[in-house]
Structure formats: C-alpha cells, structure tokens
Amino acid sequence: MSGGGKIPVTVTEVVRVNELIKRFKFERSDGGLLPTFSGGAHTVVEMQDYGTSRLNPYSLMSDPADTSAYTISVRRDDEGRGGSLFMHRHVRPGMEMSISNPVNLFPLDLRARKHLMIAGGIGITPFMGQIAQLSAISGRFELHYAARNPALAAYASELSARYPRQVHLYFDDYDQRIDLQGLLDGQPLGTHLYVCGPKGMIAWVRNTAEAAGWPREAVHHEEFLAPPSGKPFEVKLAVSNKVIQVGEHQSLLEAIEAAGVDAPYLCRGGCCGQCETDVIDYDGTFLHNDHWLSEEQHAGGKKIMPCVSRFEGKTLVLDR
Amino acid sequence: MSKSVLEPSIPSRPVYGELAPRSGKAHLFIADAEGAEAILDMAKTAPDGFFARAHIIYIPKATGERYLERLESLDPGQLYFGPSYEAALPRLRRTLADAHMGLQVYLAGTEGLMGRAMQEATEAGIPHTAIQSEHRGSTARRVQCVHCKGITEEVTTDPFQCSHCGLHLFVRDHYSRRLAAFMGVCIDAEDPGDIPEPVERFT
Ligand code: FES
C-alpha cells in the first residue's frame, strides 16, 4: 500500500478553535499507542465523502512525546475542493477514520544552535509540535507568528502564556509587520530558519534570507499545495493497461487511485517527490504545479507529479 | 600559476572549487601561502565595497612577503598576518563566536589549512556545504595514523613514517572531516619489513 501505511482511528474530540479553525483529536480504534513522530510531521487523513475518497495532509500539532493521541487543526476553505469542508461539517466525536503513519518533511535540524520560526495563519500547526519537542530538550527557539487579528490567531494566547519571551505576535489588522530584515540581521551563527504559511510569506522569507547570505541548508519551509482543479482529461496507464478520466475537481493521483491502481505518494502536496511518474508519450501541454521537479524537468516532458499537476491536450501515456 | 588540479578519487576525498563573491553581511577569509592568489583573483569580480566588510586571516608560510602588499591593497576591514595556523586560531575562534548569520566563509590554500578551518567553521554552526574553498599551492597532506592516532602534518611521500609511532604508513584518499585529516595505514602489517620505496606523491 502506498503512502505512509494506514492506521484505523477514532475521533475523540472536535473543538471549534475560532471562526475558521477546528481541532480534531484521533486515538487508535484498537486502544493501542500511535507511532512516535517528530515535530513538523504530518499525517494524511482519509475521508469517505459520500462516494469520493479524499486524502488530505495535515500537520500534527500535539506533543510528539504523547503517543496516546494525535491532534490536527483544519482551516475551513470554502473555495477548496471539499476536504476541509468535510472535516468541518461531517466529522464528529466517535467517528471511525483512517490516517497514515506520520511523515516528516519539515523536521527540525537539531544541529542548529537556535531555531527561528516564522508562522503565518494556520501555518502555526507544525510549529506546535516542534516547540513541544524543543522545550522538552531545552532547545533555543523564537517564534514570530503573524495572523489577521487576535481572534483568528489560533493558539496565540496559549503559546505566549507558556513562552512569553520566545513568542512574538503580529496582527495585520493593527498594521503590525514582522521586521524580517532586522530579525535576520542579529541572529547568532548556527541559527536555522523555518517558515510555514501562505505562499507569499514563504517566498518573502526565503528570498530575504538568501539575499542576506543565509545558507540554503539553514532555511526550511513547508507548503502543502492543494491540487488545483482544471479541465477534465484522459490518461493512459501503460503498465496497468487502463484508460482513465481525470475529473475537473479530481487530481491525477486521485483518478489513478480511483481506477484501483496503487501509486506512490507521501505528501499529496507537490513537495516530497514520492509520486514522480515517467511520461511515456504525450501530445499536449503539462500544467505543472509541484515544487519538486526542476524547471528543466518541467520543460522536458518526461516527468509529472500526479498529486498536483494536470494536463491539457490529446494524449498522455504514463509509466504506471 | 599554482592552481592545483586534483585527480578524481573516492567520494570521501574533499573537492575544492573556485572562490566567488557571495552576498552576505560579512566575509571571512582564511588562507595560507599561495591561497592568497585565490583571494586576489576573486577580488577582480567582487562588487565595490565588498572588502570593507571582509576579515582576512592569512598565514604566508614559505611565501613570506610575496602577497602581503597586494592583500593590503584590497583594503579589507580587518587583515591579520600570522606566523602559523596555531597562532591564528584564537582570533579565528573569537571571530566565529561573535559572528552572526549572513557571514560568508572563504578558505584558500593547502588542504591542511582548509580542513582545519572548515572544522572550526562547521563547529560554529555553518553547514559545510555553505563554505567555499579553493585549493592552491602545496598538495602536502595532513594524515592521521589509524594505529596511534597521531597526526603528521605536511606529508609529501607515500608511504611515509608516522612522526609519532614510527610505523610506515600508506596514505589513503579516505578523508575525515571531523579530524580534517587523511587516513594513514600500516603498509607492512602482513609482511613486516616489506616497505616499498617512498614516492613523492604530494608536493
Ligand atoms: S506525493 Fe509528494 S510530491 Fe506528489
């Protein structure tokens, strides 16, 4: 089975955190312990949405030392393809679900002298696990968390109550901005920088750090892309000898899975590289949306990341 | 003149590039002997004002006064000439301890110097892949005897005699970043006394 392997769980708590965010707690249905994980890890939650199966990645935000339960926070996306709406509308305590083993694509680099974290909005969730992990080993960290306003800044008050000296909050509605340049300037040698938040914020942080001479290896980011919708298209799977249709709101990966073909994946968000698939033949245009392949590979027409990328044209034949 | 071409070898053998100016908040150079040429060559492509935020730690060794004036004319923010790496070490350590992110590190010269300075810089928290290095001058090696663990500097022949325990050692390309040294292994362990003539492999 592809992905991180499945664990049957029961939803044991659903909490409305604010107007946009709900928190879910999962425990193993058989009562055992969950696998250990490290801060920054995510799990892929499987949803049976009345005929459509959805698999969405969410960062684990509970303390990695606690394997009795996992918690995630889900921001409702009214414009999205429906995964977050399903979680918000239909998931109730007592419900049986299936989640993947944890996978970490955003781990702390524990060689760092100091961890400088920058979060935007729901991007706070991976840092919750990382901070729990770091405070257990007295690791040095600093969190700079930006949100629209205090009401929407999930977990901000508990974080600043617990770590008053390390946590710094910024609210757009009060015109508060992170002074990134100043912040990066004074950091001791050996500091690692982590950013999770909206696309624009990630690009801003990475570019500013690069211009200031920060080594690439010391700058970490995580951004899950939601698979974009698009025109339906047809694909031939050469190995399994099947012709499949990819629907408007379906990803290519989901269509392959729906046809009963096992395809590799981990993040389902264009960043881990696991789903990389060879193109055997094509006549048309690729709509690449991943962060994995290089520009040359995008132009080359030999590879596609089916979790987020699409195709428009006459024929597409994949080695799957 | 003394740009060194090193033969391709096993993956653990360090490879060196060519120094190029990078954007950063401060620039730290550590060089010895002909390594000065790498700095002078790089200076030709450096943007205006680059050296004002540079600190050069230079150990001339046998080159004596040859490069000193030219290095001075770069007008670096700080310039230090030292008689030996050991003498320069406290200054290097203090510089790294006070440094902030955005510091770029450039190493140039012999492998022994670059390896040891690399050790200090990575210990201070800079990923080794982010440190630039350019090999110039002597290819003499710093070798650790795997038997007595003693380190012999400036090894030019293979085999050579360990300066600590006296065993005759074969010089491998196997390199330890932690020790900043190549590995030397007893050459006559199977047939004591059967020691090949030493060959000048490193000059
Ligand atoms: S599953 Fe991770 S890139 Fe596609």
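Some thoughts on unusual backbone geometry
- The omega angle of the peptide bond from Asp-158 of chain B to Pro-159 of chain B is -5 degrees, so this bond is cis rather than trans.
- Mapped onto the fold, Pro-159 of chain B is located in the loop between strand E8 (157–158) and strand E9 (160–161).
- In this structure, Tyr-155 of chain A is a non-glycine residue whose phi angle is positive, near 65 degrees.
- Locating Tyr-155 of chain A in the fold gives a position in the loop between strand E8 (141–147) and helix H3 (156–162).
- Looking at Tyr-155 of chain A, the relative accessible area reads 5%, which means it is buried.

Here's the deal with the sheet that holds E8 of chain A
All names here are of chain A.
- The strand order E9-E8-E7-E10-E11 describes an open sheet built from five strands, whose pairing is parallel. The strands lining the two open edges of the sheet, one partner per strand, are strand E9 (167–171) and strand E11 (219–222). Mean inter-strand twist for the sheet, computed between neighbouring axes without regard to direction, equals 15 degrees.
- Sheet analysis places strand E7 (residues 114–120) next to strand E10 (residues 191–196), joined by six bridges and oriented parallel. Bridge pairing links Ala-119 to Cys-196 in E10.
- Sheet strands touched by helix H2 (residues 125–136): E7, E8, E10 and E11. Its angle to E7, the strand with the most contacts, is close to 155 degrees.
- On the sheet, helix H5 (residues 199–211) packs against E7, E8, E10 and E11 and is oriented at approximately 160 degrees with respect to E10.

Description of the domain arrangement of chain B
All names here are of chain B.
- Considered domain by domain, chain B is made up of domain 1 (26–135) and domain 2 (141–200).
- For domain 1 versus domain 2, the distance between C-alpha centres works out to 29 Å.
- When domain 1 packs against domain 2, the two sides together hide about 650 Å² of surface, and 49% of this comes from carbon and sulfur.
- Contact with domain 2 buries area across many residues of domain 1, yet Glu-111, Arg-116 and Gln-119 alone supply 55% of it, more than any other trio.
- Seen at the junction of domain 1 and domain 2, the total is two salt bridges.
- Notably, a salt bridge pairs Glu-154 with Lys-61, separated by 3.3 Å at the nearest N-O pair.
- There are three residue pairs in polar contact (both at pLDDT 80 or more) connecting domain 1 and domain 2.
- Taken together, the residues that form the side of domain 1 that touches domain 2 break down as no nonpolar, four polar and three charged.

Topic: the pairing of strand E2 (residues 21–28) of chain A
Residue and element names in this part refer to chain A.
- By the bridge criterion, seven bridges tie strand E1 (residues 6–16) to E2 in an arrangement that is antiparallel. Looking at the pairing, Thr-10 lines up with Glu-27 of E2.
- Here E1 folds back onto E2 in antiparallel fashion, the turn holding four residues.
- In terms of strand pairing, E2 meets strand E5 (residues 70–75) through six bridges, oriented antiparallel. Each residue of the ladder has a partner; that of Phe-26, found in E5, is Tyr-70.

Structural notes on helix H1 (residues 83–90) of chain A
Residue and element names in this part refer to chain A.
- Judged by how many residues are buried, H1 sits mostly within the fold: six of eight residues are covered.
- If you check which residues of H1 are buried, you get Gly-83, Ser-84, Leu-85, Phe-86, Met-87 and His-88.
- Looking at the packing, one finds that the buried side of H1 touches E2, strand E3 (42–49), strand E4 (52–59), E5 and strand E6 (96–100).

Considerations on the packing of helix H3 (residues 85–98) of chain B against helix H4 (residues 111–123) of chain B
Residue and element names in this part refer to chain B.
- For the pair H3 and H4, interaxial distance at closest approach is 10 Å and the crossing angle is 30 degrees. Taken as axis vectors, H3 and H4 run roughly parallel relative to one another. Judged by the twist between their axes, the crossing of H3 over H4 is right-handed. Residue-level contacts link Tyr-85, Glu-86, Leu-89, Leu-92, Arg-93 and Leu-96 of H3 to Leu-113, Arg-116, Ala-117, Glu-120 and Ala-121 of H4.
- Residue classes in the contact of H3 with H4 are distributed as seven nonpolar, no polar and four charged.

Quick notes on H3 of chain B
All names here are of chain B.
- Here H3 is 14 residues long and its end C-alpha atoms lie 20 Å apart, about the 20 Å a rise of 1.5 Å per residue gives.
- For H3, every residue scored as buried is listed here: Tyr-85, Ala-88, Leu-89, Leu-92, Thr-95 and Leu-96.
- Buried residues along H3 sit in contact with strand E1 (26–32), strand E2 (54–59), strand E3 (78–81), strand E4 (103–109) and H4.

Section: the packing of aromatic side chains
Residues and elements named next belong to chain A.
- Counted by the stated rule, this structure contains 15 aromatic pairs over all chains.
- Pairing Tyr-282 with Phe-286 gives two aromatic rings, centres 4.7 Å apart and planes at 55 degrees, and the pair type is tilted.
- By relative accessible area, which is 12% here, Phe-286 ends up buried.
- Seen from their ring centres, Phe-286 and Phe-311 are 5.3 Å apart, and the 65 degrees between their planes marks the pair as edge-to-face.

Some details on the nonpolar core
- With 43 residues, the main nonpolar core has Ile-118, Leu-193 and Trp-214 of chain A together with Ile-30, Leu-92 and Ile-126 of chain B as its most contacted residues.
- Sequence-distant contacts of Trp-214 of chain A, defined by excluding residues within four places in its chain, comprise Leu-116, Leu-184, Gln-187, Thr-191, His-192, Leu-193, Ala-209 and Val-219 of chain A together with Met-101 and Gly-102 of chain B.
- Counting residues in each nonpolar core, the second largest holds 27 residues, with Met-117, Met-128, Ala-156 and Tyr-163 of chain A among its members.

Quick notes on the domain arrangement of chain A
All names here are of chain A.
- Taken domain by domain, chain A holds domain 1 (6–100), domain 2 (114–222) and domain 3 (233–318).
- Using only C-alpha atoms to locate each centre, domain 1 and domain 3 end up separated by 27 Å.
- Tallying the contact residues gives five residues for domain 1 and nine residues for domain 3.
- It is Val-44, Leu-55 and Arg-81 in domain 1 that bury the most area against domain 3; as a group they hold 70% of the surface buried on that side.
- Viewed at the interface, domain 3 and domain 1 are joined by one salt bridge.
- For Glu-254, the salt bridge goes to Arg-81, with nearest N and O atoms at 2.8 Å.

Rules of the game
- Each chain carries its own residue numbering, running from 1 in the written order of its sequence.
- Here chains are named by letter from A upward and ligands by number from 1 upward, in the order in which they appear as written.
- Where totals are concerned, whole chains, interfaces and linings use all residues; where local detail is concerned, this predicted model gives features only for residues with pLDDT of at least 70, and gives and counts side-chain atom pairs only at 80 or more.
- Heavy atoms throughout the structure, all of them, feed into the side-chain values; hydrogens and water do not.
- The helix and strand labels rest on DSSP assignments: H or I over at least four residues marks a helix, E over at least two residues marks a strand, and numbering proceeds from the N terminus.
- Burial status follows relative accessibility: with a 1.4 Å probe on protein chains alone, a residue under 20% of its type maximum counts as buried, one over 50% as exposed, and anything between as partly exposed.
- When DSSP finds at least two bridges between two strands, those strands are taken to pair.
- Structural elements are reduced to axes, namely lines fitted to C-alpha atoms, with helices fitted over the stretch in contact, and the angle between N-to-C directions of any two is expressed from 0 to 180 degrees.
- Here, residues are in contact when the closest pair of their heavy atoms is within 4.5 Å.
- Source of the domain bounds: an automatic or database domain assignment.
- Put simply, buried area is the surface a 1.4 Å probe can reach on two separate parts but cannot reach once they are joined, added for both.
- The term salt bridge refers to a pairing of a side-chain nitrogen on Lys or Arg with a carboxyl oxygen on Asp or Glu at a separation within 4 Å.
- We define a polar contact as two N or O atoms separated by no more than 3.5 Å, with the added condition that, inside protein, one atom must be a possible hydrogen donor and the other a possible acceptor, whereas residues neighbouring each other in sequence contribute only through side-chain atom pairs.
- Residues are sorted three ways: Asp, Glu, Lys and Arg are charged, Ala, Val, Leu, Ile, Met, Phe, Trp, Tyr, Cys and Pro are nonpolar, and all the rest, Gly among them, are polar.
- Roughly parallel here means an angle under 35 degrees, roughly antiparallel means over 145, roughly perpendicular means 65 to 115, and every remaining angle is called oblique.
- The crossing is said to be left-handed when, going from far helix to near helix, the turn is anticlockwise and less than a right angle, and right-handed when the turn is clockwise.
- How far a helix is expected to stretch is found by multiplying one less than its residue total by 1.5 Å.
- Pairing of aromatic side chains requires ring centres within 6.5 Å, counting the rings of Phe and Tyr and the six-membered ring of Trp. Pairs whose planes differ by under 30 degrees are stacked, by over 60 edge-to-face, and all others tilted.
- Only buried residues count toward a nonpolar core. Its members are Ala, Val, Leu, Ile, Met, Phe, Trp, Tyr and Cys residues joined through side-chain atoms within 4.5 Å.

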